[in-house]
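Coordinate inspection notes
This is what each chain is made of:
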2 protein chains.
Amino acid sequence: MMNDHETIYIGGEWMAAATTDFYRSVDPTSGEAFGPNFPVSAWEDLDAALAWGGASPGADQCAQLLEKYAELIEANAEALAQIAQRETGLPAEGRFKNTEIPRTTNQLRQAAAQARSLDFQLATIDTKLNIRSCLESMGAVLIFGPANFPFAYNAVAGGDFASAIAAGNSVIARAHPSHPQTTLALMKLLVQAANDVGLEAPPVQLLFGFSNDDGLRLARSRKINAIGFTGSRAGGLALKASADTVGTPFFGELSSINPVVITPEALAENHDAIVDQYVSSVLLACGQMCTNPGIVFLVKSEETSRFIDSVVVKFNAGAPGVLLNEGMLKGLAANVARVKDAGAMLLCGGTRAESPAFRYKNTALSVTDSAFIRNAQTFQLEMFGNACLFVVCSSMAAMMNALRLLEGNLCGSLYLAEGQTDAPEARILSAVLREKVGRLLNDKMPTGVAVTSAMNHGGPYPATGHVHFTAVGFPAAVRRFTRLNCYDNVRPELLPAVLRNDNPTRAWRMVDGEWTRDAIGGKR
Amino acid sequence: MMNDHETIYIGGEWMAAATTDFYRSVDPTSGEAFGPNFPVSAWEDLDAALAWGGASPGADQCAQLLEKYAELIEANAEALAQIAQRETGLPAEGRFKNTEIPRTTNQLRQAAAQARSLDFQLATIDTKLNIRSCLESMGAVLIFGPANFPFAYNAVAGGDFASAIAAGNSVIARAHPSHPQTTLALMKLLVQAANDVGLEAPPVQLLFGFSNDDGLRLARSRKINAIGFTGSRAGGLALKASADTVGTPFFGELSSINPVVITPEALAENHDAIVDQYVSSVLLACGQMCTNPGIVFLVKSEETSRFIDSVVVKFNAGAPGVLLNEGMLKGLAANVARVKDAGAMLLCGGTRAESPAFRYKNTALSVTDSAFIRNAQTFQLEMFGNACLFVVCSSMAAMMNALRLLEGNLCGSLYLAEGQTDAPEARILSAVLREKVGRLLNDKMPTGVAVTSAMNHGGPYPATGHVHFTAVGFPAAVRRFTRLNCYDNVRPELLPAVLRNDNPTRAWRMVDGEWTRDAIGGKR
């Protein structure tokens, strides 16, 4: 039997929340609520979470915890996928079991490997002066997961979580209200994993919700040392502003329309392939991806008209997917309306779908470069979901001018013709787009973020909170939740492991200007 | 003959400022103004500086520029030291010629080495997926130099400047009004250096001053990509708040009192040596160092009384040094008064010295741990100059409680007895202090910041704007003024040098998880 009122997890205990305010999961395919009540905590609960603060087991136990957790998630993948499907409307098999859960366990294991090797610490040693420095844990990290990735970005299982724990921090997690049951199921596995590796509890506090005001108060608490956030721009910027007042680093992934630029030559060469790639990418997960290619820049031509027509045909032919929740539907409808009202031409869609609950017709709009330039801010509204905007430019030069008005984005794709890469236009387009995005792509779409050391899932403000950092890819993602600590003439007994002469974990270290895994005082 | 009204440097030209507001250098040993008038620019000038924005020559020319500049500074060291002495009251020979100018040219050369090797870019390559990333330039960086280091932190010659240029940025510099003539002399050498290496002009705009409001407006300009600031906490936090509104990274070094903790055993063993080290450090440059050890934590004992007495004897015996300007004198007097009014006991000094101009008597105060705890914020006021506070604690446990209330600082020194390093107290003191500071020291004072790869001249807020970064030490200092850029399947012709297979500069790169200087596809 299910509890009527679910508990929060504070200080190693499941406990009743101090609130009378509750919410339930909603099935986005029907719009109906189901399952137990989840608490919207009063400040009292947040205060209790803060009081448990920054304690963390050591690196080795963190690694064990993350690995055991990955194992338990795998063992329970089927059940987890089913819960998540019911809460999000995304497919249990194709999306969760085959893609997102494997990515999540991969991330947990890569993070565990960092906690074992300590490579993320960027240890740097000057042997002559006996000055040593490295990146170390900060304390308590506040994490907000998004609606669209119930596993890979979950506040108690995703990349931010794994990064914060691997660096030796504790976590205060806010579950996303779009999938509280998935989050609860994960948290139970995390507690079990902790017990299995001999910990009394994981270094994690879990809340299922709180008011916006309390969220802002939490963000400026001196007991919070960093914030990881993935979500809407408005919410993220409000949290950032609050955190900024006390100098707390805010690593947020806020919004991005991920421009795609296609040269006339590329289109002429590869029309069909680019249409297919574009439609697959822009409609993936009903367009609800951080890296969704929501805006396409093209030069006016027969070929461009044919491209847009082909996309529209496919948009009309495809059944509209399910949006994650009612807020997504309302937000999408509102932003499509704003873009249309600003003068974009509606090519297809633009209204709710007739199927039940949270569905919107696949929607495409177009503007000219001169219209875009006159109202660049509105035309860069993120229409989060299955909608896109084509900017049809009168010339290559006009396209460059339009691109110069782009705000910061996570990704930007540049499709070029074969053998055209040394053309002056390619160089200019590449340079202009480079400035605007964290990840520049050639001849491919931006969805599908590989979890690799060279990834940047970050970008210029307002796509993220800080242009120096990435939310995906190890070891860099771990480094967000660290601070730089220097040890000047500090006695060996008081040094962290990674800075000791013997280098017990064989971490990569820069010793007197050279990267090495060797111990100091001879090879080991 | 000197110009009556000095010009600013914008877009490669010396030009008259758009203002009728001017100031002159003041000799702090006499309080008298001397030399030409320097302009306090109206917004028009700042706008012009912004318009020249982010253009920079390539890495190789930046390296040549920095090296030639270092050479010219050395060739003109005598004259520069004389100007700086007259503007700051600090000694031409001991301070400038022998110490600060060599540090400055060393920094310029280390920065040049980074621009040549590109090691600072932390290039990371995943060869299987053909995803590559590295840190790259941001565009225009706004730099504010402080009063207390006319060379090593000068906005057109210091560490922030060298770091920003080495990373491939342009600089908009605001000269500190305490030493405009020194800054002008440096800028002329920089222009000459640019010409000598074949550049039309250095990628630098120089302003000699502007209003606070215009400074805030500049900080939130979208044309500014990062800010380097060294100076007062109030000024720095105002700039940070403005920059935060547009997500511009702010790297500020704001204020620090650099706690020194001395255990009873250490004092018993090394009384005389610690007294000497402390007095030299705290009175260095009349106490006007970012790393000045302004607060000392001691456990109440005979030995502690003897230590404080010894320091006071030396304070009384030493002639008061010269403060940099009238603002320093007023600020020091005001903060000493606030600390005294909050209940600290004045042990010596506490008034202006009778010698001419900007001098204040060497000042020491003391409080108990319980008084400190009751009013921890006031007792952490930075008394910038030749003043310090002793916190005499009733017990070791009381000292730990007092230390827990410290704000973020650049440095913290822990003096321990020989052979006591494994004592539980040493571990706890070390852990408590570690949290509060960027650089933890054992058995030495914090002044004297070595320019080495392992240095951290940074620390938790509000000592600096971001706990992840350091203002001193290469390559880390250069990384502040970079952004993370990823290249996903980007054609070789469009990759930056550091990410090309052939690795032309032999930069250190992490290739498939291993640091190497080798080219991809075989050793070179």
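Quick summary incoming for the structure in this document. One numbering rule holds for all chains: residues counted from 1, following each sequence as written. Chains and ligands are labelled by the order in which they are written, letters from A for the one and numbers from 1 for the other. Per-residue local features of the predicted model are confined to residues with pLDDT of at least 70, and side-chain atom pairs are confined, for both listing and counting, to 80 or more; whole-chain, interface and lining totals are unaffected and use all residues. Excluding hydrogens and water, the side-chain values take into account all heavy atoms of the structure.

Strands here are runs of E lasting at least two residues and helices are runs of H or I lasting at least four, both read from the DSSP assignment and numbered beginning at the N terminus. A tally of regular secondary structure across chain A gives 15 helices and 21 strands. If you line up chain A on its principal axes, its C-alpha atoms span 70 × 60 × 40 Å. In this scheme, a residue with accessible area under 20% of its type's maximum is buried, one over 50% is exposed, and one in between is partly exposed, where area comes from a 1.4 Å probe on protein chains only. Expressed as a percentage of its 524 residues, the buried residues of chain A come to 64%. Accessible surface is estimated by sampling points in the Shrake-Rupley manner with a 1.4 Å probe; for residues, cover comes only from the protein chains shown. On chain A, roughly 17900 Å² of surface is accessible, and the fraction owed to carbon and sulfur atoms is 50%.

Right, let's talk about the interface of chain B and chain A for a bit. Contacts between chain B and chain A engage 70 residues on the former and 71 residues on the latter. Taking both partners together, chain B and chain A bury about 5900 Å²; carbon and sulfur atoms supply 53% of that area. A per-residue breakdown of the area chain B buries against chain A is headed by His468(B), Leu484(B) and Arg491(B), which together make up 12% of the total. One side-chain nitrogen of Lys or Arg within 4 Å of one carboxyl oxygen of Asp or Glu is enough to make a salt bridge. Where chain B packs against chain A, one counts eight salt bridges. Between Arg439(A) and Asp488(B) there is a salt bridge whose closest N-O contact spans 2.6 Å. Two N or O atoms count as a polar contact when they lie within 3.5 Å, although within protein this holds only if one can serve as hydrogen donor and the other as acceptor, and sequence-adjacent residues are included solely when both atoms are side-chain atoms. Linking chain B to chain A there are 50 residue pairs in polar contact (both at pLDDT 80 or more). Those elements that provide at least two residues to the side of chain B that touches chain A are strand 5 (123–126), strand 6 (131–137), helix 8 (233–244), helix 14 (424–436), strand 18 (437–442), strand 19 (482–488) and strand 21 (514–516) of chain B. Per element, the largest residue contribution to the side of chain B that touches chain A is seven residues, and it comes from strand 19 of chain B. By the convention adopted, Pro, Cys, Tyr, Trp, Phe, Met, Ile, Leu, Val and Ala count as nonpolar, Lys, Arg, Asp and Glu as charged, and the other residues, Gly among them, as polar. Here the side of chain B that touches chain A is composed, by residue class, of 30 nonpolar, 20 polar and 20 charged. In this scheme, strands are said to pair when DSSP sees at least two bridges between them. Sheet topology places strand 18 (residues 437–442) of chain A next to strand 19 of chain B; three bridges connect them, and they run parallel. Bridge pairing links Leu441(A) to Asp488(B) in strand 19 of chain B. Contacts: residue pairs with any heavy atoms within 4.5 Å of one another. Defined here as a combined quantity, buried area equals the accessible surface (1.4 Å probe) lost by two parts on assembly, summed across both.

Residue and element names in this part refer to chain B. Its place among the elements puts serine 178 in the loop between strand 8 (170–174) and helix 6 (180–196). Polar contacts involving the side chain of serine 178 include one to the side chain of asparagine 325, which spans 2.6 Å. Residues contacting serine 178, with those up to four places away along its chain left out, are Glu87, Ala147, Leu324 and Asn325.

Time to look at the nonpolar core. Counting residues in hydrophobic clusters, the biggest one holds 318 residues, and the most contacted among them are Tyr69(A), Phe297(A), Tyr69(B) and Phe297(B). The contacts of Tyr69(A), once residues within four sequence positions are left out, are Leu108(A), Val156(A), Ala157(A), Phe161(A), Leu186(A), Met187(A), Leu189(A), Leu190(A) and Ala193(A). In plain words, nonpolar cores are sets of buried Ala, Val, Leu, Ile, Met, Phe, Trp, Tyr and Cys residues tied together by side-chain atoms within 4.5 Å.

Moving on: the pattern of salt bridges. Following the criterion strictly, the structure yields 36 salt bridges over all chains and no others. As a salt-bridge pair, Glu74(A) and Arg109(A) come within 2.8 Å of each other at their nearest N and O atoms. Note that Glu74(A) is positioned in helix 2 (residues 59–75) and Arg109(A) in helix 4 (residues 92–117), a separation of 35 residues in sequence. Residue classification places Glu74(A) among the partly exposed residues on the basis of a relative accessible area of 40%. Under the relative-accessibility criterion, Arg109(A) is labelled partly exposed at 33%. Residue Asp518(B) is joined to Arg506(B) by a salt bridge in which the shortest nitrogen-to-oxygen separation is 3.8 Å. Residue Asp518(B) is found in the segment after strand 21, and its partner Arg506(B) is found in the loop between strand 19 and strand 20 (509–511); the two are separated by 12 residues along the sequence.

So, about the environment of Gln205(A). Examined against the element boundaries, Gln205(A) turns out to sit in strand 9 (residues 204–207). Taking the C-alpha atoms as reference points, Gln205(A) and Thr183(A), 22 residues apart in sequence, are found 12 Å from one another.

As a further point, take the relation of the copies chain B and chain A. When chain B is fitted to chain A, the best match, at an RMSD of 0.0 Å, comes from turning it 180 degrees and sliding it 0.0 Å along the axis. Such values leave the two copies arranged in the relation of a two-fold axis. When the interface residues of chain B are mapped onto chain A, 100% of them again fall at the interface, so both copies present the same face. Fitting of the copies onto one another was done by least squares over C-alpha atoms, counting residues only where both copies have pLDDT of at least 70.

With mixed pairing, the 12 strands of this open sheet are ordered in space as 21(A)-20(A)-5(A)-6(A)-19(A)-18(B)-17(B)-12(B)-13(B)-16(B)-15(B)-14(B). Two strands in the sheet have a free side with no partner beyond their single neighbour: strand 21 (514–516) of chain A together with strand 14 (345–348) of chain B. When strand polarity is set aside, the average angle formed by the axes of neighbouring strands in this sheet is 25 degrees. Set on the sheet, helix 14 of chain B makes contact with strand 6 (131–137) and strand 19 (482–488) of chain A together with strand 12 (260–262), strand 17 (409–415) and strand 18 of chain B; between it and strand 18 of chain B the angle comes to about 150 degrees. Axes, fitted as lines to C-alpha atoms, cover a helix only where it is in contact. Angles between the N-to-C directions of the axes lie from 0 to 180 degrees.

What follows is about the packing of aromatic side chains. To describe a pair of aromatic rings, one takes the distance between the centres and the angle between the planes. Residues and elements named next belong to chain A. Here a pair means two rings of Phe, Tyr or Trp (six-membered ring of Trp) with centres within 6.5 Å. Their orientation is stacked below 30 degrees between planes, edge-to-face above 60, and tilted elsewhere. According to the stated counting rule, one finds 32 aromatic pairs over all chains in the structure shown. Arranged with centres 6.1 Å apart and planes meeting at 80 degrees, the rings of phenylalanine 144 and phenylalanine 210 form a pair that is edge-to-face. With phenylalanine 144 in strand 7 (residues 140–144) and phenylalanine 210 in the loop between strand 9 and helix 7 (212–219), this residue pair connects regions lying 66 residues apart in the sequence. Among the residues examined, phenylalanine 210 registers a relative accessible area of 9% and is labelled buried. Between the aromatic rings of phenylalanine 251 and phenylalanine 481, the centroid separation amounts to 5.7 Å while the plane-to-plane angle is 90 degrees, which identifies the pairing as edge-to-face.

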